[in-house]
Each structure stands twice: as structure tokens, then as C-alpha cells.
Amino acid sequence: MRPHGRVEFIKHVKRALNRDDPGIRSLDDIIQCLPDADDTRLLEKIANRGKKSHLALLERLIEAGKLVNVGIMVEKDADTAAASISKIAAEKCAEWGDQKSVVAWDHLLVKRLGLSAHLSPLDIPVYFADRQPGTAGRLEVLRRHAEGAFIGVTAADYCIAETATLTMKTLPGQPRSVSLLPSIHIAVIRLEQILSNLNELYTLLKWNPTERAEGITRCMTLITGPSKTADIEATLVHGAHGPRELTIVVLTG
Amino acid sequence: MKPSSYQHRAQAAINDPVLQRALANLQQRLGRGAAEGYRRFPEGPELRLKGHAIRMKAIENLDILLDALADKIEKNGGHVHFAADGETAVKRCIEIARRHDVFLAVKGKSMLAEEIGLNPALEAAGIETVETDLGEYIVQLAGEAPSHIIAPAIHKTREAVGRLFADKLGIPYTDDPPTLTLAARRVLRNKFLDADMGISGCNLACAETGHITTVSNEGNIRMATTLPRVHVAFMGMERIVADLKDHAILFRLLSMGAAAQEMAGYVSYIGGPAEQGRTDGPEAFHLIIVDNGRSRILADPDFREMLCCIRCGACLNMCPVYGKIGGHAYGSAYSGPVGAVVTPLLTGISQASDLCLGESLCGACMPACPVNINIPRMLLLLRAKLAEGDASWNVSIRSRAEQAAFTAWSYLIRSRFVYEMFLKGASIGQQLLPGRQNMISRLPFAGKGWTQSRDLRRLAPQSFIQRYRIERASGKKR
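Since we're looking at a predicted model, the values are computed, not measured. (Residues numbered from 1 in each chain as written. Chains lettered and ligands numbered in written order. Predicted model: local features only at pLDDT ≥ 70, side-chain atom pairs only at ≥ 80, totals over all residues. Heavy atoms only, no water.)

Engineer: Hey, could you run me through the interface of chain B and chain A in this one?
Structural biologist: Contacts between chain B and chain A engage 96 residues on the former and 71 residues on the latter. Note on chain B versus chain A: buried area summed over both sides is about 7100 Å², and carbon and sulfur give 58% of it. On the chain B side of the interface with chain A, the three residues burying the most area are B:Arg185, B:Arg189 and B:Arg222, jointly 11% of the side's total. Seen at the junction of chain B and chain A, the total is ten salt bridges. The salt bridge involving B:Asp71 is made with A:Arg6; its shortest N-O contact spans 2.7 Å. Summed over the shared surface of chain B and chain A, the result is 43 residue pairs in polar contact (both at pLDDT 80 or more). When strand β9 (residues 219-224) of chain A meets strand β9 (residues 266-270) of chain B, the two strands line up antiparallel, connected through five bridges. Bridge pairing links A:Met220 to B:Tyr269 in β9(B). (Contact = heavy atoms within 4.5 Å. Buried area = accessible area lost by both parts, 1.4 Å probe. Salt bridge = Lys/Arg side-chain N within 4 Å of Asp/Glu carboxyl O. Polar contact = N/O pair within 3.5 Å; in protein donor to acceptor, adjacent residues only side chain to side chain. Pairing = 2+ DSSP bridges. Helix = DSSP H or I, 4+ residues; strand = E, 2+ residues; numbered from the N terminus.)

Rendered as C-alpha cells:
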């Protein structure tokens, strides 16, 4: 049953609207329920994009990244990607405490990098999130790892070339804190995950059957660049609260 | 009439050279940036008109959209509360805090929370509430109020922030923004990690998917809505659109209007608490949807348009009045052109009459608005209500004397003969007034204000009509 407060509130809004049509109407009467010609065309365009147009999008992503302080690393395969990430891990300093550690998603793309093997010679442990964190305080362990890590490695659902924006839903094994608490955020994507613009993302979310089935989950986050502020005399400073550096690794192989 | 507190505060702001520089810099940067950004949209600046249509559609279906939003969030295990006024909203929040044993709350910037006085109420209830947006944090440490919707601390210099941090945080004095930001980052990180409750606003909800969205560049709202056990979000009842398609457009307009960005740094769609045992995030999610005077605006077709506002602050960045008097002069959570309309409508037109009377009606706010709200039209309407009174809004006539003067004037100018007599009298009378040959430096009585900061030209020896007649007659002769 709906709480009394809500019924009264909505009734009050209805009265204020002075609606002519008192008949029951639902959201479906207001929103577009089937894709129109433009949507269909765009969905086909995204689905049929070949390697060449993906590479063109990559060029745009690199340009857009420069404007918002996002480093784009283009890597042939998982091995070279892991080597580049190791290099960052070796060069950068830990921000919270002396011990360097890395926290990462339990995601196929991230797992394939073999980060543990690459980073153990540097004495940097890599902690992976669990897909079933429900058991006995695993979420607390994850939280501790995310708090202590200086690098967080994630994948992403998509990356928007025009604005260098990463999009990520919240799914098991893919916690939100990995892209938030560490000082450096590294996201690994495949070339085919690059979209042209925001409109393509929304069209996929709204009409693509897989996306529709999954929904946008309890929390979907769009990330454009590292954390920034300009609250003191309009001077741009990176690293207000979230990561102070952001790198997107694009796997082209 | 005695100068009001609005006039006092405005005068103080005009006399503050630091604030004047900061305001000019802000308007230059963000105001121009947004105007250029609108032109750069692939759809062109007309996207703003589309945004307006989307917002109006949402407002006109508000009952259905709010119902759908609440259904979906509740299905996801979230709680939705409806509060008719600010007091109820604050009470709900405190109840939630008590139920979850909350001692420390971290807060993302929310205009609505300012409007309903959330912080002092939480503090009074014994709940430490920390602002986490850097600008809001500075303002909170200083015990002041924010002075701009998206740049709350623009009235403070780096030296002032340096002194404040040295005093309150015990760090060595510095005026280096990166060092100051780092100091706040360290203090606030511990607050985020220790907090029991995160409080956020809602930039724009989406009815179709059942999500609220929060937008920030610093990442503070992500922190506040991810780390603590409980997330409480405050949402003005009008801040919703129907579906993802509408959302995509509005959201680009919002980013551009607010910060001249193609895309804000962090956007989160939140549709409930974390899925228990599967992902991280808060255990409990409460959305408090607030009316607090909005349904009254909704019920008046003349002002309904004002509910399209998405509180981006773009109009502040173009307004010549805000650019001089700053945010504090408005004495309410909302400043600038949006404040000049919204505050009177929410708190009483007569009570906040200075705000709409203080604006210049230059019209700069309308093209600055990402959803093209006709603010000048509503400013004029508010002024008309103040002049003529309006029982439905509980407005009494502001000045009987002024009304009588204008009624007399309207009779006077309707007859050529009476008008000419008046002019003749006035041109003799004006010789008694002080000033240089062609200028009057001080008008008496009610006219005093007209010559407070400028001289007034004296009446010409001949009126235009007189001169026209003479010139025409002499022209014919030639």
C-alpha cells in the first residue's frame, strides 16, 4: 500500500496542475516506447562500425582526453598494457600511507592483464574485488583495500570519444570505490567499446535489448577526467576528493 | 523610505573591491564560456528551446512522473518520502538519522538543503554535518553563507582561505590553491570514511528508469553517496524529466549552463541502495521529495514556467545586477535573476519585494538560460503584483503614494492642454532646484532617489512638439 503522505502529495500536485483529463494516465503515454527511425539508424550504425571507424573514434578520444587531463594509452595487447601500468605503478608515489598497493575489478579484461605477476617484482600487491562479496565481511575487506590502494584498475561499459567520458554500471565484482578512493584511476577498455557521443550512449541504454534487460543498475557513473575543483579564486586544481589522475588504456589487438 | 537590508548588503558588496574583481572574473569566464558553448552544440543554440519544451512537458505531467519515480525506487529497496514543506523534510531526515544511529553526516552541495535550513537543524539535533564541496566547506568553516550557486566561495581570496585554514585546520599558512585543496582533501577524506550518512541533492531525476542524478566535478558527491551506510537525497519536486532521451539533452544543457563544460566530471545515476551482498554502496537509500511552495507556483499558469529551472546558475553569470552586488545581497539561498523570481514566489512576494525590484529588466538572463526561461517576463509580473496588489498571492499594494502619483500622471498626459500647462509650470519651478546650468543635481521629496548618483537634465525651453511645429512652419516658408 502506498503511504498516506505520497497519495496526498500527488493529489495536491494534480490539483495544482488543474488537469482537464482526470482519466488514469501512465508514464507510457508520455514517453517514447518504441525506437523511431533515427534511433534504429543509430543503433545499426553503432553495431556495424568497423575497425577503421573505431580507430577514427580513438583519434578523437585522444584529442578529447587532452582537454580534460585524461591520459590515453593505446596498447596492442594485455601484456604491453600490463607493462605500461607497471611503469606507472613504479614511478608514482603512494598518497595514503607508505605501502604501495593496487585494487582492481574482478573483470575479464582486467584479470587478463596478469597484474599480480607484473607487480610482484615491485613488491606491490594487487587485490581483486569479489564477485560474491556477500560472504563473511568480504565487503569490509574490499573497502580496506580500496582505502589503502594508490591505484585502482577498472574496466568500463563504454567510453565516449567526444568528451573522453567513461561509463560504468555497478555490478558484482565491479565496486564503485575502486574508481573513487585510490589516487590514480586506470580504466582498461577494448577499442570496440568507444562510442562517438553521449547520444549514442543514451540510445543504447534506452533501446539495446541487453542494456534494457540489465537496466542502468542501482548506480551508474559517468566519469570525465580526474577529480577537479576551481573553488579557490577559480584556479583549476586536480585531486579535490576523487582520483587526481586518470588514464584510459585502450586495447587495440 | 529607510534603506532595506537588501540595499545595505548591496552597497557593502559594491564597496568591496575583492568581491568586485572576483565577480567580474567569474562572469567573464563562465558567462562567456556558456554563451560560446551553446553556439557550439551540434544541434545549435536551439537546443535550449528543445530543453525548455522537455522541461515544460515534465512539469505538466509532474504527478505521473513522481509516481513512476517513487514506484521504481521503492521496487529497488529505496524509501521515498514526500514532504509538503521544509520543516517536514528536515524532520524526516533527522528521523532517518536517528533510526540509523548517525552521528556524522557528509554533505554534497544542495540548494534545496540551503532553502529549508537543513544544516542548522541537523547540528541542533546533535548530528555533525560536514559540507564537502570545497567551496561550501570553506564557507562553512568561515560561518558564512554560499554566494553563488556553483561557486559558493567566490567572495573569498586565496589569502582569506589560507588564513581560515591556518586558523581552523591548524596547517601552516599558505595562499597556494593546490596546497590548500590538498589540506581540505586530507581532512575531508577522513570525514568521508568515518561518516554514517551521506546527504546529496538531486540535479535531475529520470522517471522512466527510476533514478536520481547527482553531478559534481570534485567527486565529493560520489564519495558521500558511496561510502557511508545511509544515503539521503533531497529533491525539489520539479527536478525530474520523463525518460533517458530527455535526460540526455537536459544534462548537456545543465553542464554547459553551470560550468561551460561539455560534460561534468562525475555524473551518478542512483536508483536505490546497493544490492545487498553483491556490490558496495550504502545499505539504505532515502529520497525526500519536497514541495515547500512549489505546488503554488505550479498552480499559477503565469509562473509555472519558473519550475523549468534546473539551478545551474547560468543567469547569475550574465546578470549585471548580480555581477555588482553578489550573492549575499539577495539574503536567500537563491541569488541572481533566478533568486529574484523564485525567492519571492517561495517566501512571499511582498516580503522579498526588493529582489525583483532590484533587477534591471535588461533581459540578459533569458539567452543565458540553458532552458530559455523567460525570467524578465516574470520579473515584470511580480512588479505588477507589487504595484497593483494581488489577493491570490497575498500581495498588498506596495506604495499607495506611488500608485496615486502614477494615476495622476496618467490623467495628466492624456490631455495635451493639461500636459502643456504642467510643462510650463515645471520649467518655471525647476529654476528653484540646485544644479548647473543644464543639470539638476538634487530633486526634492520622492524624486530624491533619481538624483542620488547622477544629475538629471533640465527641461528644455521648448518641448519636442513645440519645436516640431515651429520647424515645420519655417520649412514650409522655404
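Engineer: Got a minute to help me understand the sheet that holds strand β4 (residues 197-200) of chain B in this structure?
Structural biologist: For sheets, the rule is that strands pair by backbone hydrogen bonds, running either parallel or antiparallel. All names here are of chain B. Taking strand neighbours across the sheet as the criterion, the six strands line up as β1-β10-β7-β4-β2-β3 in an open arrangement whose pairing is parallel. Of all strands in the sheet, those bounded by a partner on one side alone are β1 (79-83) and β3 (128-131). Shown here is a sheet whose adjacent strand axes are inclined to one another by a mean of 20 degrees, direction ignored. Of the strand pairs in this sheet, β4 and strand β7 (residues 230-236) are connected by four bridges, and their pairing is parallel. Note on β7: the bridge partner recorded for Ser 200 is Ala 233. (Axes fitted to C-alpha atoms, helices over the stretch in contact; angles between N-to-C directions.)

Engineer: Explanation requested: the pattern of salt bridges in the structure shown.
Structural biologist: Close approach of charged atoms allows side chains with opposite charge to pair. Inspection of every chain in the model, using the stated rule, returns 41 salt bridges over all chains. One salt bridge connects A:Arg244 with A:Glu95, and the closest N-O pair in it is separated by 3.5 Å. Here A:Arg244 is found in the loop between β11 (237-238) and β12 (245-251), whereas its partner A:Glu95 is found in the loop between α4 (78-91) and β2 (102-104), with 149 residues between them in sequence. What makes A:Arg244 partly exposed here is its relative accessible area of 30%. A relative accessible area of 13% places A:Glu95 in the buried class. Among the charged side chains, a salt-bridge network with shared partners connects A:Arg6, B:Asp67, B:Asp71 and B:Glu74. (Buried < 20%, exposed > 50% of the residue type's maximum accessible area, 1.4 Å probe, protein only.)

Engineer: Quick question: what am I supposed to make of the packing of helix α9 (residues 158-168) of chain B against helix α10 (residues 177-194) of chain B here?
Structural biologist: A packed helix pair is summarised by two numbers, namely the angle formed by the two axes and the spacing between the axes. Residue and element names in this part refer to chain B. The interhelical angle for the contact between α9 and α10, taken along N-to-C directions, is 35 degrees, at an axis separation of 11 Å. Crossing of α9 against α10: the hand is left-handed. Of the residues in α10, those touching α9 at Arg 158, Val 161, Gly 162 and Phe 165 are Pro 177, Leu 180, Ala 183 and Ala 184. (Left-handed = near helix turned anticlockwise from the far one by under 90°.)

Engineer: Teacher, can you tell me more about the pairing of β4(B) here?
Structural biologist: Every other side chain in a regular strand lies on the same face of the sheet, so the side chains alternate between the two faces. Residue and element names in this part refer to chain B. Neither face of β4 is exposed, since Met 197 and Ile 199 on one face and Gly 198 and Ser 200 on the opposite face are all buried. Where strand β2 (residues 104-107) and β4 come together, three bridges link them in parallel fashion. Across the sheet, the residue bridging to Lys 107 is Ile 199, located in β4.

Engineer: Please explain the packing of aromatic side chains as it appears in this structure.
Structural biologist: How two aromatic rings sit relative to each other is set out by the distance from centre to centre and by the angle between their planes. Residue and element names in this part refer to chain B. Using the criterion set out here, one finds nine aromatic pairs over all chains in the structure. Summarising the aromatic geometry, the rings of Phe 464 and Tyr 468 are spaced 6.2 Å apart at their centres and angled 20 degrees between planes, so their arrangement reads as stacked. Of the two residues, Phe 464 and Tyr 468 both sit in helix α21 (residues 464-477), four residues apart, roughly one turn of that helix. An aromatic cluster of three or more residues is present, and its members are Tyr 6, Tyr 322 and Tyr 330. Lying over the aromatic face of Tyr 334, Arg 311 brings its terminal NZ or CZ to 4.6 Å of the ring centre. We note Arg 414 situated over the ring of Tyr 411; from NZ or CZ to the ring centre the distance is 4.8 Å. (Phe/Tyr/Trp six-rings, centres within 6.5 Å; stacked < 30°, edge-to-face > 60°. Lys NZ or Arg CZ within 6 Å of the ring centre and 35° of its normal.)

Engineer: Just to check I follow, could you spell out the nonpolar core for this structure?
Structural biologist: Across soluble globular proteins, you tend to see nonpolar side chains buried next to one another. Ranked by internal contacts, the top residues of the largest apolar core, which has 120 residues, are B:Leu287, B:Ile289 and B:Met306. Of the residues forming this core, the biggest block, nine residues, is contributed by helix α12 (residues 244-259) of chain B. For B:Ile289, the contacting residues outside a window of four places in its chain are A:Phe9, B:Leu66, B:Leu69, B:Val80, B:His81, B:Phe82, B:Ala83, B:Met235 and B:Met237. (Core = buried A, V, L, I, M, F, W, Y, C linked by side-chain atoms within 4.5 Å.)

Engineer: Looking at this structure, I do not really get α9(B). What am I missing?
Structural biologist: Given 3.6 residues to a turn, an α-helix orients residues that are three or four positions apart in the same direction. Residues and elements named next belong to chain B. Considered for burial, the residues of α9 that qualify are Ala 160, Val 161, Gly 162, Leu 164 and Phe 165. Tucked into the core, α9 has its buried residues touching α8 (134-141) and α10. Gly 170, located one to two residues past α9, shows a positive phi value of around 70 degrees.

Engineer: In this structure, what is going on with the sheet that holds β12(A)? I would like to understand it.
Structural biologist: All names here are of chain A. The strand order β1-β12-β7-β4-β2-β3 describes an open sheet built from six strands, whose pairing is parallel. A strand with exactly one partner marks an edge of an open sheet, and here the two such strands are β1 (70-75) and β3 (126-128). Across the sheet, the mean angle separating the axes of adjacent strands is 20 degrees when strand polarity is ignored. Summarising the sheet, strand β4 (residues 151-154) and strand β7 (residues 184-190) pair through four bridges and their orientation is parallel. The residue bridging Thr 154 from the neighbouring strand is Ala 187, located in β7.

Engineer: I would appreciate a short explanation of a nonpolar patch on the surface in the present structure.
Structural biologist: Taken together, the side chains of B:Phe406, B:Trp409, B:Ile413 and B:Phe422 present a nonpolar region at the surface, about 410 Å² in accessible area. The topology assignment puts B:Phe406 in helix α19 (residues 400-412). (Patch = residues over 30% accessible without salt bridge, like charges linked within 9 Å, V, L, I, M, F, W, Y side chains within 5 Å. Areas by Shrake-Rupley, 256 points an atom, 1.4 Å probe, with all protein chains shown as cover.)

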